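# An overview of the molecular structure
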Amino acid sequence: MSARKEYDDMGYVVVRNFLSDIEISSISKHVNGVFDSWMSSNKSEIFEHQLVNMHSLTKQEYFTNTPDERVGFFNSISPLTLTNLIERMFGSEIYFHNTQLFFNPLNKKRLPYWHRDMQYSPLSDDIQKAEQNNMVSLHIRIPLVKEKGVEIIPGTHKRWDTELERDVRLELNGHSNNEQLPNAKLIELDVGDILIFSSQMIHRGNYQLNDSRKALDLCVGKYHHLTFGFLDKQILPRKEEMELIKNNQWYSCATNYS
Ligand SMILES: O=C(O)CCC(=O)C(=O)O
């Protein structure tokens, strides 16, 4: 089955052994530089707010002492093999929206929670439901440590919730967003594998089965008038950096729409 057909049917695709050891070690080096210093400077907030991810790793403020590393980071997360795969699946107008790095919460009170990403945006559930089939909003997960780290409900990228899913996801009628849901699939990834999934399908992390996690998600998508405004321009390369990035199509696409 083609990757596109698999995505259309299920809302996700796993591509095994996609990235080489050299590519992974380059991504890890850049991620660690940013993440380790963010983690050590913000430990108490991360604990207190029960955070499970860091976002916007490419933001300029993380590179004030190492400006040259920023272009290296952009290069490492946009290898031609990856942009070509995404182009074959979704067409050429894919733009770079952000990055998120998922880890196990420091605060063990935090339990995995079922959600669709945009439920935390100001867009109402009704609008999200109406626009579901007009939005392409993807996560490309690059695990830097192997994990059984994310659970998804196949098919929920193209249908809205059952009554139970809605009650659980939005914690209605006495339900909690941590409850088991039927038809969930836990995805196991090795370092080198990638997982492409719809950010609007119902999904949650898994913290229990992994001693530690470090999963970099590249958030990319197609322009949509309701979501493009959420792009923070500070995460994009500056003009002079753009020229130094070998394969800048995702970034220049984001800049062109801005
Ligand atoms: O991997 C996780 O911990 C959760 C993933 C998630 O919520 C997301 O990718 O939006």
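The structure we're discussing is the one just above.
First, a word on scope: everything that follows refers to the structure included in this document. (Residues numbered from 1 in each chain as written. Predicted model: local features only at pLDDT ≥ 70, side-chain atom pairs only at ≥ 80, totals over all residues. Heavy atoms only, no water.)

## With respect to the sheet that holds strand 2 (residues 53–55)
As a reminder of what qualifies: The pairing criterion is simple: DSSP has to find at least two bridges between the two strands. Under the scheme used here, helices are H or I runs from DSSP no shorter than 4 residues and strands are E runs no shorter than 2 residues, and both carry numbers assigned from the N terminus. Only the contacting stretch of a helix is used when fitting its axis, a line to C-alpha atoms as for every element, and angles between N-to-C directions run 0 to 180 degrees. Contacts are residue-level and defined by heavy atoms, with any inter-residue pair within 4.5 Å sufficient.
The sheet built from 6 strands is open, its strands ordered 1-7-4-9-3-2 with antiparallel pairing. Of all strands in the sheet, those with a lone pairing partner are strand 1 (12–15) and strand 2, marking the two edges. Put simply, the sheet's adjacent strands are angled 20 degrees from each other on average, direction ignored. Strands strand 1, strand 4 (137–143) and strand 7 (194–198) of the sheet are contacted by helix 1 (residues 3–10), whose axis makes an angle of about 140 degrees with strand 1.

## A closer look at the site of the ligand
Put simply, the test is: Nearness is judged by heavy atoms alone; a residue qualifies as near a molecule or strand once a single heavy atom is within 4 Å of it. Within 3.5 Å is the distance limit for a polar contact, defined as a pair of N or O atoms, with the added protein rule that one can donate a hydrogen and the other accept it, and that residues adjacent in sequence qualify only through two side-chain atoms. Polar here means any residue outside two lists: the nonpolar Ala, Val, Leu, Ile, Met, Phe, Trp, Tyr, Cys and Pro, and the charged Asp, Glu, Lys and Arg; Gly therefore counts as polar.
As a structural note, the neighbourhood of the ligand is formed by Phe102, His115, Asp117, His139, Arg141, Gly149, Phe197, His203, Gly205, Tyr207, Arg213 and Asp217. In the model, an oxygen atom of the ligand is placed 3.1 Å from a nitrogen or oxygen of the Asp217 side chain. Of the residues in the shell around the ligand, the class split is 3 nonpolar, 5 polar and 4 charged.

## A few points about the sheet that holds strand 5 (residues 147–152)
Taken together, the 3 strands give an open sheet; going across it, the order is 6-5-8, and neighbouring strands pair in antiparallel fashion. Only two strands of the sheet have a single neighbouring strand rather than two, namely strand 6 (185–189) and strand 8 (203–205). In this sheet, neighbouring strand axes are inclined to one another by 30 degrees on average, regardless of whether the strands run parallel or antiparallel.

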